[in-house]
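So you can see what is in the structure, the chains are spelled out below.
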Amino acid sequence: MRLSSLLPFFLCGALLNATAAPMKLDDYLALSGPAPSAKLAYGPAPSQYAELFVPQGAGPFPVAVLVHGGCWTSKFGGITQFRNMAGALAARGIAVWNVEYRRVDEEGGGYPGMYLDMHAALDLLAANAAAHKLDLERIVAVGHSAGGQLVQWIAGRARIPAGSPLHRANPLKVDRIVSLGGLADLRHEAALIKSSCDRDIAQLAGTPSPGRPDVLVDTNAADLMPNGSRTWLVTGELDTISPPRVARDYAARAKAAGDAAEVVILPNASHYDEVAATSPSWPQVVRVIEQALAIPR
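Thresholds applied
Residue indices follow the written sequence of each chain, beginning from 1 at its first position. In keeping with the model being predicted, local features are shown solely for residues with a pLDDT of at least 70 and side-chain atom pairs are shown and tallied solely at 80 or more, while totals for entire chains, interfaces and linings include all residues. Water and hydrogen atoms play no part in the side-chain values, which are based on all heavy atoms of the structure. A pair of sulfur atoms, both from cysteines and within 2.5 Å, is called a disulfide here. Secondary structure elements are defined from DSSP: runs of H or I of at least 4 residues count as helices, runs of E of at least 2 residues count as strands, and each element is numbered from the N terminus. Summary of the burial criterion: residues with accessible area below 20% of their type's maximum are buried, those above 50% are exposed, and those between are partly exposed, where the area comes from a 1.4 Å probe applied to protein chains only. The term nonpolar core refers to a set of buried residues drawn from Ala, Val, Leu, Ile, Met, Phe, Trp, Tyr and Cys, joined through side-chain atoms within 4.5 Å. Throughout, a contact is declared for two residues whenever any of their heavy atoms are within 4.5 Å. Counted as salt bridges are all cases of a side-chain nitrogen of Lys or Arg within 4 Å of a carboxyl oxygen of Asp or Glu. The convention used is that axes are lines fitted to C-alpha atoms, helices contributing only their stretch in contact, and that angles between N-to-C directions extend from 0 to 180 degrees. A crossing counts as left-handed when the near helix is turned anticlockwise from the far one by less than a right angle, and as right-handed when that turn is clockwise. Lys, Arg, Asp and Glu make up the charged group, whereas Ala, Val, Leu, Ile, Met, Phe, Trp, Tyr, Cys and Pro make up the nonpolar group; the residues left over, Gly among them, are polar. Any two strands are treated as partners once DSSP identifies two or more bridges connecting them. Two N or O atoms form a polar contact when they lie within 3.5 Å of each other; inside protein one atom must be a possible hydrogen donor and the other a possible acceptor, and for residues adjacent in sequence the pair counts only when both atoms belong to side chains. Ring pairs shown here join Phe, Tyr and Trp side chains whose ring centres sit within 6.5 Å, with only the six-membered ring taken for Trp; geometry is labelled stacked below 30 degrees between planes, edge-to-face above 60, and tilted in between. Charge-over-ring placement is defined geometrically: NZ (Lys) or CZ (Arg) within 6 Å of the ring centre, and within 35 degrees of the ring normal.

Draft legend 1. Region of the structure containing the state of the cysteines. In total, this model carries 1 disulfide according to the counting rule given. Residue pairing for Cys71: its cysteine sulfur links by disulfide to Cys197, the two sulfurs lying 2.0 Å apart. Judged by the sign of its S-S torsion, about -65°, the bond between Cys71 and Cys197 is left-handed. Here Cys71, found in the loop between strand E3 (61-67) and helix H3 (79-91), pairs with Cys197, found in helix H6 (residues 190-197); they are 126 residues apart in sequence, far enough to count as distant. Taking the relative accessible area as the measure of exposure, Cys71 reaches 11% and is therefore buried.

The structure is reproduced here in structure tokens:
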């Protein structure tokens, strides 16, 4: 099926759902989308791969790197549900790199595995960009919930201390970030992360050691600012997993550090409306993504 033929479906869905009730977890888990153009592995583990969605046309195409959430576990779906957003973006001429990664309940996940997976997934994207006519000068990372933490971390990769296992010299620059209900500030939001996702910071950042007494210096996005990024913090008005207060607090910290940050609140939207192309919130979400990519409207 041509991705361009899906555009009327997504537009129709948005109209039909204009007065829909806020989405729940079951609605999110039921999301689906088209099959990717290609599936590429960046490591040997079952979860070490990314899905590439290439639009119709000659290119070069702007790129959206999608990183799903799920409370850092494999229990709440993820990459399959994100095909819903990926198909909608590809239908608008945006190439999509839909990333799977090892989560805390998978072998090798947590610290440092899932951060190393982000490095490897972006390295593989860079290696395949020319073959698929992807324009890496126009790139945005879009993450939801736990994925918001990871994409906000991506923006600060160049500031990771040289002694860290997560340090990489000259990583692919990704400085346009869209965090959808993100739970990014591990230092300041530990209690919320525990109550929303039942995750302890040790699962996400490792445990202190003599060589690494502060486990947040290389894992916490807020500790890796300023980094020259511009972040859009997009949150549903009714989001109870990552309430609007979280977005506002992070934006304030980013601005205080010298980075650019903007808060966008989606009216009558839940944590799950943020990522559904059939949600009434989708036009506002896609507007932010296209703004980050400097696509004229």
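Moving on, there is more to tell.
Draft legend 2. Expanded view of the nonpolar core. Judged by nonpolar contacts, the single largest core of 52 residues is most densely connected at Val65, Trp97, Tyr115 and Leu125. Contributing elements (two or more residues each) for this core: strand E2 (49-53), E3, strand E4 (95-99), helix H4 (110-128), strand E5 (134-144), helix H5 (146-155), H6 and helix H7 (201-205). Considering every element that reaches this core, the biggest residue donor is H4, with 8 residues. If sequence neighbours within four positions are ignored, Val65 has contacts with Trp97, Val99, Leu122, Leu125, Ile139, Val140, Ala141 and Val142.

Draft legend 3. Geometry of the environment of Leu52. Along the chain, the position of Leu52 falls in strand E2. As for Leu52 and Val151, which are separated by 99 residues in sequence, their C-alpha atoms are 17 Å apart. Not counting residues up to four positions away in its chain, the partners in contact with Leu52 are Pro36, Ser37, Ala38, Leu40, Val96, Trp97, His132 and Leu134.

Draft legend 4. The pattern of salt bridges, seen in detail. Under the counting rule described, the total for this entry stands at 17 salt bridges. Across the salt bridge formed by Glu106 and Arg103, the nearest N and O atoms sit 3.6 Å from each other. Residue class for Arg103 comes out buried when judged on its relative accessible area of 6%. A salt bridge links Lys194 to Asp198; its shortest N-O distance comes to 3.1 Å. You can call Lys194 partly exposed: its relative accessible area is 36%.

Draft legend 5. View of the packing of H3 against helix H9 (residues 282-292). It is at 12 Å that the axes of H3 and H9 come closest, and there the two elements cross at 65°. In this structure, H3 crosses over H9, and the sense of that crossing is right-handed. For the pair H3 and H9, the contacting residues are Met85, Ala88 and Leu89 in the first and Trp282, Val286 and Ile289 in the second. Per-class residue counts for the contact of H3 with H9 are 6 nonpolar, no polar and no charged.

Draft legend 6. Expanded view of the pairing of strand E7 (residues 230-236). Burial runs high along E7: 6 of the 7 residues are buried. As judged from the 5 bridges shared by strand E6 (residues 176-180) and E7, these two strands associate in the parallel manner. In the strand pairing of E7, Leu180 is matched with Val234. When E7 meets strand E8 (residues 260-266), the two strands line up parallel, connected through 7 bridges. The partner of Val234 across the bridge, within E8, is Val264.

Draft legend 7. Seen up close, the side chain of Arg102. With respect to the helices and strands, Arg102 occurs in the loop between E4 and H4. A distance of 3.4 Å separates a polar side-chain atom of Arg102 from the backbone oxygen of Gly113. Arg102 has contacts with Ala45, Ser47, Gln48, Glu107, Gly108, Gly109, Gly110, Gly113, Met114 and Asp117, leaving out every residue within four places of it along the chain.

Draft legend 8. Structural view of the packing of aromatic side chains. Applying the stated criterion across every chain yields a total of 3 aromatic pairs. Cluster of aromatic residues (ring-pair linked, three or more members): Tyr111, Tyr115 and Trp153. Over the ring of Tyr49 we find Lys39, and its NZ or CZ is 4.2 Å from the ring centre.

These values are about where atoms sit, not about what they do.
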